[in-house]
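Examining the three-dimensional arrangement
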Amino acid sequence: MVERTDGDAAPAASAGTTTDSDTARAARTGVSRWAWERPGRWTRGRVIAGLALLTALLLAFPRVLPNRPGHLGSLLEAFLPWLGLLIVVLLACALLRRSVTALLFLLLPVAAWAYAFGGLFLAAPEPGERDLVVVQHNVSDVNPDPAGTARTLAGAGPDLIALEELVPAALPAYEKALAPDFRFHEVRGTVGIWSKHPLTDTRAVDIKPKEIEEGWSRGLRTVVHTPQGEVAAYVAHLPSVRVGTSGFASAWRDESAHLLGRAVAAETVGRVIVLGDLNSTVDDRGLSPLTSQLNVPERGFGFSFPASFPLARIDQVLARSATVGRIHTLPATGSDHLPVTARITLR
């Protein structure tokens with residue numbers, strides 16, 4: 001047997017063999033051994049990384065997607081929070097590919113989603129003396145139980161209730177059920193408002209797109225005399241949108257939103273509340289004539305449509321010279337929408 005002397009060199013580590021120094025280095029840097037052992041894991045998953053970067057871009061700057069053709073930008077914005085599901089899918093793909101690069105790039109859309117929507121999970125401020133509780137609900141023109149729907153809405157203890165799709169046959173049922181708690185109410189066309197406080201200066205608001213036939217009336221304006229002073233309240237039901245082979249058909253909705261935004265801009269009462277089925281979310285650029293001059297809810301998602309599996313909040317509570325706190329849904333009624341309620345702090 002030949003023994004190695006002190007002067008003999010130690011045998012070099014063979015290629016691909018993990019040495020003690022590799023292990024120590026991994027321990028010091030916090031990088032797992034498989035990342036050091038297989039550098040390919042840093043270069044694979046480039047497609048996933050690219051998709052993660054694109055997702056982050058769309059979350060942070062959704063308006064980079066043009067609205068022509070087919071109003072695709074508005075369609076993306078209407079369902080923007082659901083891009084979070086794409087992040088989950090990309091994460092699963094990155095783990096399957098064992099791609100460090102993809103995992104690092106996924107931090108970008110996670111940060112963008114948290115910045116855009118994370119604040120909606122925070123606790124709402126404590127109720128104050130200057131708060132108004134409001135309920136907004138598209139009750140559906142085929143609602144089989146208008147009286148039961150009215151009782152559900154009144155049970156939330158609001159100061160104001162705004163309703164859309166009020167048909168003449170069902171109106172007496174709503175008036176009878178809400179009369180004990182709401183002494184004041186006004187109806188114009190198919191929209192109405194019930195209030196615990198006096199209402200004055202009520203009028204219809206013309207938000208009818210030019211191509212829609214006469215007799216279409218879905219907007220009203222009134223002044224609510226609250227203990228904190230006057231508030232101009234608008235109730236509106238914007239035209240429906242459709243998703244088809246030609247894209248996102250929202251031209252009528254956008255035109256109606258422009259007309260409503262113009263009416264609100266001309267409002268002389270300082271504090272304004274807009275309640276209604278606006279047929280899109282506050283992220284949709286089609287509602288920018290309103291969202292550019294009004295405050296949106298600060299807390300809560302409040303997905304209200306469709307009632308069977310809510311995907312978006314198209315029932316909105318917006319305000320000027322006031323703060324809209326947490327918005328959330330109420331129990332289902334006989335409508336295809338869920339009611340939403342919010343607390344508004346007047347300034």
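Look a little higher up for the structure.
Because the structure is predicted, anything quoted here is derived from the model rather than measured.

**Some remarks on unusual backbone geometry**
That bond from Arg 68 to Pro 69 is cis: its omega, 0°, falls within 30 degrees of zero. Looking at the element boundaries, Pro 69 is found in the loop between α4 (46-60) and α5 (72-78). Geometrically, the link from Phe 305 to Pro 306 is a cis peptide bond, its omega value of -10° lying close to zero. Locating Pro 306 in the fold gives a position in the loop between α12 (288-291) and β11 (315-320). The backbone phi angle of Ser 140 is positive, close to 80°, even though this residue is not glycine. In this fold, Ser 140 is placed in the loop between β1 (131-138) and α9 (146-154). Looking at Ser 140, the relative accessible area reads 7%, which means it is buried. Positive phi, normally seen in glycine, also occurs at Ser 321, with a value near 55°. With respect to the secondary-structure elements, Ser 321 resides in the loop between β11 and β12 (322-329).

**Focus: the pattern of salt bridges**
Enumeration according to the criterion identifies 8 salt bridges in this entry. Among the salt bridges present, the one from Asp 284 reaches Arg 253, with a minimum N-O distance of 3.0 Å. Taken together, the positions of Asp 284 in the loop between β10 (272-277) and α12 and Arg 253 in helix α11 (residues 251-265) put the pair 31 residues apart, joining distant regions of the chain. You'll find Asp 284 and Arg 253 in the same group, each marked buried. Several salt bridges share partner residues, and in doing so they unite Arg 63, Glu 77 and Arg 285 into one network.

**Comments concerning the nonpolar core**
Of all hydrophobic cores here, the largest spans 23 residues; its most connected members are Val 134, Ile 193, Ile 273, Val 317 and Ile 344. The contacts of Ile 193, once residues within four sequence positions are left out, are Leu 160, Ile 161, Phe 184, His 185, Glu 186, Leu 199, Leu 220, Thr 222, Ala 233 and Val 235. Counting residues in each nonpolar core, the second largest holds 21 residues, with Ile 207, Leu 260, Val 264 and Val 272 among its members.

**So, the packing of α4 against helix α6 (residues 83-97)**
In a packed pair of helices, the relevant descriptors are the angle between the two axes and the axis-to-axis distance. Across the interface, α4 lies against α6 with an axial gap of 10 Å and an inter-helix angle of 165°. Looking at the two axes, α4 sits roughly antiparallel to α6. Considering the relative orientation of α4 and α6, their crossing is left-handed. Counting all contacts with α4, which are made through Ile 48, Leu 51, Ala 52, Thr 55, Leu 58 and Leu 59, the residues of α6 involved are Leu 83, Leu 86, Ile 87, Leu 90, Cys 93, Ala 94 and Arg 97. Across the contact of α4 with α6, the residue classes tally to 11 nonpolar, 1 polar and 1 charged.

**A look at a nonpolar patch on the surface**
On the surface, Val 47, Leu 51, Leu 54, Leu 57, Phe 61 and Val 64 cluster together into a nonpolar patch covering about 570 Å² of accessible area. If you trace the backbone, Leu 54 turns up in helix α4. Of the residues examined, Leu 54 reaches a relative accessible area of 43% and is grouped as partly exposed.

**Notes on the sheet that holds β1**
If you trace the 6 strands from one edge of the open sheet to the other, you get β3-β4-β2-β1-β13-β12, paired in mixed fashion. Looking at strand neighbours, the two that pair on one side only are β3 (184-188) and β12, the edges of this open sheet. Direction aside, the axes of adjacent strands within the sheet are offset by 15° on average. One ladder, built from 5 bridges, connects β1 with strand β2 (residues 160-164); its direction is parallel. Bridge pairing in β2 links Val 135 to Ile 161.

**Some details on the sheet that holds strand β5 (residues 199-204)**
Read from one edge to the other, the open sheet built from 5 strands follows the order β5-β6-β7-β10-β11, with strand pairing classed as mixed. A single partner strand is all that each edge strand has here, and the edge strands are β5 and β11. This sheet shows a mean twist of 15° between the axes of neighbouring strands, independent of strand direction. Relative to strand β6 (residues 219-226), β5 runs antiparallel, the two being bridged by 4 bridges.

**Thoughts on the packing of aromatic side chains**
The full count for this structure, using the stated rule, is 6 aromatic pairs. A centroid spacing of 5.3 Å and a plane angle of 65° characterise the contact between Phe 121 and Phe 301, whose relative ring orientation is edge-to-face. Of this pair, Phe 121 sits in the loop between α8 (107-117) and β1 while Phe 301 sits in the loop between α12 and β11; the two residues are 180 residues apart in sequence, bridging distant segments of the chain. For Phe 121, a relative accessible area of 55% puts it in the exposed group. Ring pairs connect the aromatic residues Trp 82, Trp 113, Phe 117, Phe 121, Phe 301 and Phe 303, which therefore count as one cluster.

Reading guide: rules and limits
- Residues numbered from 1 in each chain as written.
- Predicted model: local features only at pLDDT ≥ 70, side-chain atom pairs only at ≥ 80, totals over all residues.
- Heavy atoms only, no water.
- Helix = DSSP H or I, 4+ residues; strand = E, 2+ residues; numbered from the N terminus.
- Buried < 20%, exposed > 50% of the residue type's maximum accessible area, 1.4 Å probe, protein only.
- Salt bridge = Lys/Arg side-chain N within 4 Å of Asp/Glu carboxyl O.
- Core = buried A, V, L, I, M, F, W, Y, C linked by side-chain atoms within 4.5 Å.
- Contact = heavy atoms within 4.5 Å.
- Axes fitted to C-alpha atoms, helices over the stretch in contact; angles between N-to-C directions.
- Parallel < 35°, antiparallel > 145°, perpendicular 65-115°, else oblique.
- Left-handed = near helix turned anticlockwise from the far one by under 90°.
- Nonpolar A, V, L, I, M, F, W, Y, C, P; charged D, E, K, R; others polar.
- Patch = residues over 30% accessible without salt bridge, like charges linked within 9 Å, V, L, I, M, F, W, Y side chains within 5 Å.
- Areas by Shrake-Rupley, 256 points an atom, 1.4 Å probe, with all protein chains shown as cover.
- Pairing = 2+ DSSP bridges.
- Phe/Tyr/Trp six-rings, centres within 6.5 Å; stacked < 30°, edge-to-face > 60°.

In short, shape yes, function no, at least from these values alone.
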